[in-house]
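# Results of the structural survey
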Amino acid sequence: MYVLIGGGGLVGLSLAQKLLELGHTVAVIDTDPTACSYAREKIGAMAFEGSAVSTDVLLEAGIRKATSLAAMLRSDALNLAMVTLAKHYGVPHILSRMRHPDFAEPLRLSGANHIVSTVELGVSTMVNAIEYPQVESMMHFEQGQIEVLKLPIPDRCRVAGRSVAEIAQDARFPESSLIVGYQPHPHDDLMIPNGSTVLEPGSTVLIVTKPGSLHQMIDFIGVSPS
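So, here is what we can say about the structure in this document. Just so you know, these numbers come straight off a predicted model, no measurement behind them.

What counts and what doesn't
- Residues numbered from 1 in each chain as written.
- Predicted model: local features only at pLDDT ≥ 70, side-chain atom pairs only at ≥ 80, totals over all residues.
- Heavy atoms only, no water.
- Axes fitted to C-alpha atoms, helices over the stretch in contact; angles between N-to-C directions.
- Helix = DSSP H or I, 4+ residues; strand = E, 2+ residues; numbered from the N terminus.
- Parallel < 35°, antiparallel > 145°, perpendicular 65-115°, else oblique.
- Left-handed = near helix turned anticlockwise from the far one by under 90°.
- Contact = heavy atoms within 4.5 Å.
- Nonpolar A, V, L, I, M, F, W, Y, C, P; charged D, E, K, R; others polar.
- Core = buried A, V, L, I, M, F, W, Y, C linked by side-chain atoms within 4.5 Å.
- Buried < 20%, exposed > 50% of the residue type's maximum accessible area, 1.4 Å probe, protein only.
- Arc of directions from axis to C-beta.
- Expected span 1.5 Å × (residues − 1).

### Digging into the packing of helix α1 (residues 10-21) against helix α2 (residues 33-43)
When two helices pack together, you describe them by how their axes are tilted relative to each other and by the distance separating the axes. Direction vectors running N to C along α1 and α2 enclose 25°, while the axes themselves pass 11 Å from each other. Here α2 runs roughly parallel to α1, going by the angle between their axes. Helix-helix and strand crossings are classified by hand; for α1 and α2 the assignment is right-handed. On α2, the residues touching Leu13, Ala16, Gln17 and Leu20 of α1 are Ala35, Tyr38, Ala39 and Ile43. Looking at side-chain class alone, the contact of α1 with α2 contains seven nonpolar, one polar and no charged residues.

### Regarding the nonpolar core
When a protein is soluble and globular, its nonpolar side chains tend to lie buried together. Core analysis: the biggest nonpolar cluster contains 25 residues, and Leu4, Ile29, Leu58, Ile63, Leu69, Met82 and Val91 have the highest contact counts within it. Listed by contribution, the elements that provide at least two residues to this core are β1 (2-6), β2 (25-30), α3 (55-60), β4 (68-71), α4 (76-88), β5 (93-98) and α5 (104-110). If sequence neighbours within four positions are ignored, Leu4 has contacts with Ala27, Ile29, Leu58, Ala61, Ile63, Ala66, Ser68, Leu69 and Ala70. If you look at the next biggest cluster of nonpolar residues, it comprises 21 residues, including Leu151, Ile153, Ile179 and Met217.

### A short note on α2
Regarding α2, the residues found buried are Ala35, Cys36, Ala39 and Ile43. Down the axis of α2, the buried set is contained in an arc of 105°. They therefore lie on one face. Opposite the buried face of α2, at more than 90 degrees from it, the exposed residues are Thr34, Glu41 and Lys42. Taken together, the buried residues of α2 touch α1, β2 and β3 (46-49).

### Comments concerning the environment of Arg64
Structurally, Arg64 is set in the loop between α3 and β4. Along the backbone, Arg64 and Tyr89 are 25 residues apart, and their C-alpha atoms lie at a distance of 5.9 Å. Beyond its immediate chain neighbours, meaning those up to four positions away, Arg64 contacts Leu59 and Tyr89.

### Some details on α1
An α-helical turn contains 3.6 residues, so any two residues separated by three or four positions project in the same direction. Helix length check: α1 (12 residues) gives 17 Å between terminal C-alpha atoms against 16 Å at 1.5 Å per residue, within 8%. Of all the residues in α1, the buried ones are Gly12, Leu13, Ala16 and Leu19. Each buried residue of α1 lies within a common arc of 125° when the element is viewed along its axis, so the set occupies one face. Opposite the packed face of α1, turned more than 90 degrees from it, sit the exposed residues Leu10, Lys18 and Glu21. Along its buried surface, α1 packs onto β1, β2 and α2. Phi turns positive one or two residues past the end of α1, at Gly23, with a value near 95°.

Right under this line is the structure:
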């Protein structure tokens, strides 16, 4: 996959590095020569010095062959312009960073397939860390309609030593919830559990649930706040 990233700031370069580690071909566009040098020499990405909303620079960077584009520029207006140009040149998958929610609809109308609100994401992560210190991580899907929790299974909790089937059949287990992942040990691979999988102390589980069931799920598992 050829991924074009507009913006060589911390987020753009971090994204480029992760994508390169996954085996993708990555090019970064930035007006700062230092950022471009860093992208080439330290990360190993291609880099094009210039404006990411310049058609000449975009064509030089190969926008016509890009399979994905990420607009990570310093302002929502510039990201909107880059998304519009990416749509014009037929990039099939377009992602944009967004700072102000007023730009959500314009970005969608311009062709962004995915919009990441950096402010909302950061605030949501911090709120979850404060409100649910037991949860190692939490992800939101479908505008917050679904939550995926990563929870530790300590020695003295309600589900330790019980099978997934036994847990699911417990009348106290929240409705519309599923245990979808199980990691026996931090160094083990994540596995898809079945009914006979026993949740051992020291393991970790991934649970899909509804936002309204978060407190109920944490209380059911029996994980005390840190």
